[in-house]
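Chain residues, written in single-letter form:
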Amino acid sequence: MTPEEILKKRWGYDSFKPLQKEAIEAALSGRDCLVVLPTGGGKSLCYQLPAAAGGLVLVVSPLIALMDDQVAAAREAGLVADSLHSNLRAAPRREAYSRLNSGVTEILYVSPERLLVGDLYEAIGPRLVLAAVDEAHCVSHWGHEFRPEYRRLTEALDNFPHAARMALTATATPVVQDDIRAQLGLRSPEMLIGHPDRPNLVYRAFPRRDQFKQVLEVVRAHPGEGGIVYAQTRKDVARLAEKLKGEGVSAAPYHAGLNAEDRRRAQDDFVNERLDVIVATIAFGMGIDRSNVRYVVHANTPRSVEHYQQESGRAGRDGLSADCTLLFSASDLAAHRWLAKKDVTLSPERERALEKQLRDIGRYAVSPVCRHSLLSEHFSAPYPVGERAQEGCGACDVCLGETRGLPDDEALLTAKKVLSAAWRAEGRYGTGYVVNLLLGRPSDRMTGNGHDQLKVFGLLKEAGEPAVRSWIDQLIVQDFLEVTEENEYPLLRITAEGRALCQGNGTVRLGLPAPPRAGKKKSKALKKAEKAGVVFLESDKELFEKLRALRRALADKAGIPPYVICQDAALLEMAALKPQTPEALLGIKGMGEKRVEKYGRLLLEAISGPQ
Ligand code: ADP
Ligand code: MG
């Protein structure tokens, strides 16, 4: 069988995603490769498909929590799959060994620690065709999740000189790519580097005004759907989770301060779709593969663009549209800075790196520029790509007209107004004072200073407080203003660049949140299916929910997460096309032979039964 035939038969897909075929062909012909594809890019298939073509595939992954789900998913595609790691109970472990020793295993997942024990080499040895290392950025000091065990993996891999090696990761700058090649001993690998853009994610970044209200707005736009709300501190997490529950939202908190049992339950409930919303610190996420997360809201600004990419990337792994919304405040950056320096003295190098990270994420959040292009360019990839070149991405607040960039001359004029107020305040006052000055709101202090007589007093009255506050943040991240601390009071001060700008040297970009348009919030989850020619009527929604409930019940019974049984996209297509026979069901994307055999009868009953 050709790879295409295997893809159709086992996984029910008609075509490969970008670079999958190249990776699979490299593996099948015994060549090494490095695969860099964004989250949801379909990396698992790159090593699962060769397992279906014969021989044994070994997969090294650091995420023990995910391994059982990966094994379950591989089995749904009809593979003989097992895992070996320290959390495995005795019975499944015995079965895994027995299958491995009798040579029937097709794909074996191991943790690096388990592999490095060394006792498996003999059983694996002769049949091994491919050794895949997932999350390969873990070998690199420069990556964001360095794992010392990963540096010893070549030791293990050198026991199988005849097997091809495949390293996979979602994010790798060129430095990290080099590190992976060297550390895993890849032999003239094919470099299969995908574009980092995730076209199905709708990115938005808004100034934060009322945190809870803005979070709730996103949650409310997705009733009954899965979402993650990230907040900076445990206290924020606890507060937001309580308030969401108070609004009747199915939500639970997740942070490192909760006991292990509560954390495990929250994660389990979320993955198994018994819980809609997880409110979490960044402690949450490494082990989450729920593919139908429909939105990720950052109630606070993340620490870097890399973190943002990773955390927001947990949305929409199934390729359907998902919302990623970031609520920005410059004060978050100060909090990150403070946290990073709280207990340690940073080396000058580390400090520079930190400042750059904070500046980059700040710029991402406030620049009135297409977010897809900002993210792509951060990872050194040109944007726009393909058909989107002309019309803008259509999938971010800027291109959707929800944030408006001011024309250059208007931006410069506005910036000058804000900067001159800060100049007049001589760096002796905080942001609030400067805001009030620009809005023309006198206080006793201001009158006492005679500042209500200044020309800048009330100069931006028309713009309103949210806009003025946001512009100040925008000028901070562009280095025209800075916040300095004196006796613990944050003071707003104009920088040398700011003074230069006022004198006509330099350029500035300013944006303005456009007022929300009614009816704008309609779900875009179906866009993709519609694009593929599937017409989804409002009346199909009921059937979709019915199929979702059936899937949840089947998953519960089998003790696996619902997404392992099949993806939302497949259920949407079923609800729209209403297949009546097993053959028709095979025509649904993502429904391979094994799945139809296992679940076909029940699905068909649900489709043809009373609605
Ligand atoms: P990654 O590990 O790169 O984040 P996964 O391997 O988890 O991505 O795959 C993401 C989703 O894409 C899965 O739901 C998978 O079934 C689906 N997928 C993989 N390959 C294809 C394909 N060729 N066509 C359609 N969907 C695919
Ligand atoms: Mg993966």
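Residues numbered from 1 in each chain as written. Chains lettered and ligands numbered in written order. Predicted model: local features only at pLDDT ≥ 70, side-chain atom pairs only at ≥ 80, totals over all residues. Heavy atoms only, no water.

### Some points on the overall build of the protein
Here comes step 1: A tally of regular secondary structure across the protein gives 27 helices and 17 strands.
Here comes step 2: Computed over the C-alpha atoms, the radius of gyration of the protein is 27 Å, within 12% of the 25 Å expected from 2.2 N^0.38 for a compact globule of 611 residues.
Here comes step 3: Counting only C-alpha atoms and orienting by the principal axes, one finds that the protein spans roughly 90 × 60 × 50 Å.
Here comes step 4: Pairs at least 24 residues apart make up 72% of the contacts formed inside the protein by residues separated by at least 6 positions.
Here comes step 5: A total of about 27200 Å² of accessible surface is found on the protein, and carbon and sulfur atoms cover 52% of it. (Helix = DSSP H or I, 4+ residues; strand = E, 2+ residues; numbered from the N terminus. Rg over C-alpha atoms; globule rule 2.2 N^0.38 Å. Contact = heavy atoms within 4.5 Å. Areas by Shrake-Rupley, 256 points an atom, 1.4 Å probe, with all protein chains shown as cover.)

### Description of the site of ligand 1
Here comes step 1: Surrounding ligand 1, one finds 14 residues, the nearest of these being Tyr-13, Gly-40, Lys-43, Ser-44 and Gln-567.
Here comes step 2: Take Gln-20: an N or O atom from its side chain is 2.9 Å from a nitrogen atom of ligand 1.
Here comes step 3: Gly-40 places a main-chain nitrogen or oxygen 2.6 Å from an oxygen atom of ligand 1.
Here comes step 4: For ligand 1, whose accessible area on its own is 570 Å², the fraction buried by protein is 82%. (Near = heavy atom within 4 Å. Polar contact = N/O pair within 3.5 Å; in protein donor to acceptor, adjacent residues only side chain to side chain.)

### Quick look at the sheet that holds strand 10 (residues 251-254)
Here comes step 1: Pairing in this open sheet of six strands is parallel, and the strands run 8-13-12-9-11-10 from one edge to the other. This sheet does not close on itself; its edge strands, each paired only once, are strand 8 (201-207) and strand 10. If you compare each strand with its neighbour and ignore which way they point, the axes differ by 15° on average.
Here comes step 2: Two strands pair when backbone bridges link them, and strand 10 and strand 11 (residues 277-280) are joined in this way by four bridges, in the parallel orientation. Bridging from a neighbouring strand, Tyr-254 pairs with Ala-280 of strand 11. (Pairing = 2+ DSSP bridges. Axes fitted to C-alpha atoms, helices over the stretch in contact; angles between N-to-C directions.)

### Quick notes on the packing of helix 23 (residues 540-558) against helix 25 (residues 568-577)
Here comes step 1: In contact at an axis separation of 8 Å, helix 23 and helix 25 are set at 135° when each is read in the N-to-C sense. Viewed along their axes, helix 23 and helix 25 adopt a mutual orientation that is oblique. Pair helix 23 / helix 25 crosses with right-handed handedness. Contact residues: Asp-540, Leu-543, Phe-544, Leu-547, Arg-548 and Arg-551 in helix 23; Asp-568, Leu-571, Leu-572, Met-574, Ala-575 and Ala-576 in helix 25. (Parallel < 35°, antiparallel > 145°, perpendicular 65-115°, else oblique. Left-handed = near helix turned anticlockwise from the far one by under 90°.)

### With respect to the side chain of Thr-154
Here comes step 1: Among the secondary structure elements, Thr-154 is positioned in helix 8 (residues 153-157).
Here comes step 2: Under the relative-accessibility criterion, Thr-154 is labelled buried at 19%.
Here comes step 3: In this structure Thr-154 touches Arg-165, Gln-183, Leu-184 and Gly-185, once residues within four positions along its chain are discounted. (Buried < 20%, exposed > 50% of the residue type's maximum accessible area, 1.4 Å probe, protein only.)

### Concerning the domain arrangement of the protein
Here comes step 1: In terms of domains, the protein is made up of domain 1 (3-193), domain 2 (201-403), domain 3 (408-511) and domain 4 (522-608).
Here comes step 2: Each of domain 2 and domain 3 has a C-alpha centre, and the two are 29 Å apart.
Here comes step 3: Residue-level contacts link 12 residues of domain 2 with 11 residues of domain 3.
Here comes step 4: The junction of domain 2 with domain 3 conceals about 910 Å² of combined surface from both sides, 69% of it contributed by carbon and sulfur atoms.
Here comes step 5: Remark: the boundary between domain 2 and domain 3 carries one salt bridge.
Here comes step 6: Across the pair Asp-479 and Arg-363 runs a salt bridge, and its minimum N-O distance is 3.6 Å.
Here comes step 7: Counting the contacts that link domain 2 with domain 3 gives two residue pairs in polar contact (both at pLDDT 80 or more). (Domains from an automatic or database assignment. Buried area = accessible area lost by both parts, 1.4 Å probe. Salt bridge = Lys/Arg side-chain N within 4 Å of Asp/Glu carboxyl O.)

### What about the pairing of strand 4 (residues 107-110)?
Here comes step 1: Here strand 4 shows no split at all, with Ile-107 and Tyr-109 on one side and Leu-108 and Val-110 on the other all buried.
Here comes step 2: In the sheet, strand 2 (residues 56-60) pairs with strand 4 via four bridges, with the strands oriented parallel. Bridging across to strand 4, Leu-58 finds its partner in Leu-108.
Here comes step 3: Note: strand 3 (residues 81-84) against strand 4, four bridges, orientation parallel. For Ser-83, the partnering residue across the bridge sits in strand 4 and is Tyr-109.
Here comes step 4: The parallel pair strand 3 and strand 4 is bridged by helix 5 (residues 90-101), and the resulting crossover is right-handed. (Right-handed = clockwise from strand over helix to strand, strands pointing away.)

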